[in-house]
Structures are given as structure tokens and as C-alpha cells.
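Take a look at the letters that make up each chain.
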Amino acid sequence: MSILVAYATHTGATRTLAETIAETLTAQGCEVALADIANDPDPGAHEAVILGSGIRMDALEKSAIAWADQHREQLAGRPVALFTCSGSAADPRKEGKQKGTDHFLARAGFTPVAVRNFPGWVILDKMALHERALMRTLRTPLGDFRDLPAVAAWAREISPLLVA
Ligand SMILES: Cc1cc2nc3c(=O)[nH]c(=O)nc-3n(C[C@H](O)[C@H](O)[C@H](O)COP(=O)(O)O)c2cc1C
């Protein structure tokens, strides 16, 4: 079975999560294609899809939304798992919820077999200058909040769900 792990990122954290997922599934014997959504991977060429996106301003990356829209039919026709990567997912008060995920799924046109909102990193050096200023104004907590073992555990957990 071939699984596409497609990700959209600005500062790279989502890529590291996608890589962890791809490595975990490969170790389980799956055939995995890891692709940046910027390269417009074709979900129709795979039996299942894992879509990952960073969160900005309470929304998935615009490129991820556009890609999902463009490939809506193919995504609706195969098992899809969705993950996001954000600063706020590190906040236990959010209880795993992510507004951007909910908004996206309300109009995605497919129902994922699994959804998870993972913490990423908020690192000023990796951002554009105007975004650093915004982060300072919003007093967003800074740091690397990723939990890659939890990401790998999720990949193992969902792999049986990706079989159509
Ligand atoms: C301009 C900007 C806006 C952001 N907006 C949000 C947000 O609305 N909610 C949130 O939880 N995190 C937000 N973040 C934090 C990112 O989601 C976090 O840095 C994540 O790791 C980004 O993933 P990426 O590195 O793959 O781009 C924002 C970060 C930036 C730079």
C-alpha cells in the first residue's frame, strides 16, 4: 500500500512531524511518499493520504487549503488522516482542540479517519521580521514544543485505519 504524507509549512516544524510519520510508517513496511504541498503531489497516485499543515492565524496554511480543495474528489475517495502543527497545541487548556482544524473540516468535503493537533515550535529566528514583531506583540510563548515520540505513536495508531 502506498501512503502519501503531504505537508504545508512556513518555518519547518510541520516538515519534521511529517518526516517522523513517514519514517514510522516506512519502518512498519508501508510504501511512503513524503511531499511538500508546494510541489503539488497527486493524492490519486496513492491508496491513502496523511495531510499535515502548520497553523497561522487560526487557520491551516493557505497552500494546504487550496491543495485539499483542488484534489477534493481524490481525497474523498480514499482514507485521509489530518494533522496540524501549532503553537497553541502545547497549551493544555486547549484540550487538543484547534479552531483552524474545525474550520477546515467543516468545508473540506471529506471526513478524515483520524485527526490530531500536535505542538510545533515558535522560534523567532525562523520567521520573517514582521512575524517576529507580531509574536512579540501577542506575547506568544516561544520554544520547541514538539513531541516526536507522540507523533510516531500516532502514526502507528492510525496505520490500520489507512487501509481502504
Ligand atoms: C505569523 C504566525 C501566526 C501564527 N498563528 C498561530 C495561531 O493562530 N495559532 C497557533 O496555535 N499557532 C500559531 N502560530 C504558531 C505556529 O503554528 C507554529 O510556529 C508552528 O510550528 C508552525 O508550523 P510550521 O513551522 O510548519 O510553519 C503562528 C506562527 C506565526 C509565525
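Preceding this paragraph is the structure being described.
A brief structural summary. What you are looking at is a predicted structure, and each value in this text was computed from that prediction instead of being measured.

Overview of the site of the ligand
1) Next: In the region of the ligand, 21 residues are neighbours, and Thr9, Thr11, Thr14, Ser88 and Trp121 sit closest.
2) Next: Separating an oxygen atom of the ligand from a backbone N or O atom of Ala13 is a distance of 2.9 Å.
3) Next: In the environment of the ligand, an oxygen atom lies 2.4 Å from a nitrogen or oxygen atom belonging to the backbone of Trp121.
4) Next: Burial of the ligand by the protein chains amounts to 92% of its free accessible area of 640 Å².
5) Next: Under a 2 Å grid-point criterion requiring more than half of the atoms, the pocket assigned to the ligand is the largest pocket.
6) Next: Listed by contribution, the elements that provide at least two residues to the shell around the ligand are helix 1 (13-27), strand 3 (48-56), strand 5 (80-86), strand 7 (121-122) and helix 5 (129-138).
7) Next: The dominant element in the shell around the ligand, judged by the number of residues it contributes, is strand 3, at three residues.

A word on the environment of Arg132
1) Next: Topologically, Arg132 is positioned in helix 5.
2) Next: With 17 residues separating them in the primary sequence, Arg132 and Pro149 have C-alpha atoms 29 Å apart.
3) Next: Other than its neighbours up to four places away in sequence, Arg132 contacts Leu124, Asp125 and Met127.
4) Next: Among the polar contacts listed, one links the side chain of Arg132 to the backbone oxygen of Asp125, at a separation of 3.5 Å.

Rules and cut-offs
Residues numbered from 1 in each chain as written. Predicted model: local features only at pLDDT ≥ 70, side-chain atom pairs only at ≥ 80, totals over all residues. Heavy atoms only, no water. Near = heavy atom within 4 Å. Polar contact = N/O pair within 3.5 Å; in protein donor to acceptor, adjacent residues only side chain to side chain. Areas by Shrake-Rupley, 256 points an atom, 1.4 Å probe, with all protein chains shown as cover. 1 Å grid on protein atoms, 1.4 Å probe; cavity = no way out; pocket = protein on both sides within 12 Å on 5 of 7 lines; lining within 4 Å. Sits in = over half its atoms within 2 Å of the grid points. Helix = DSSP H or I, 4+ residues; strand = E, 2+ residues; numbered from the N terminus. Contact = heavy atoms within 4.5 Å.

Everything listed is a geometric property; what it means functionally is a separate question.
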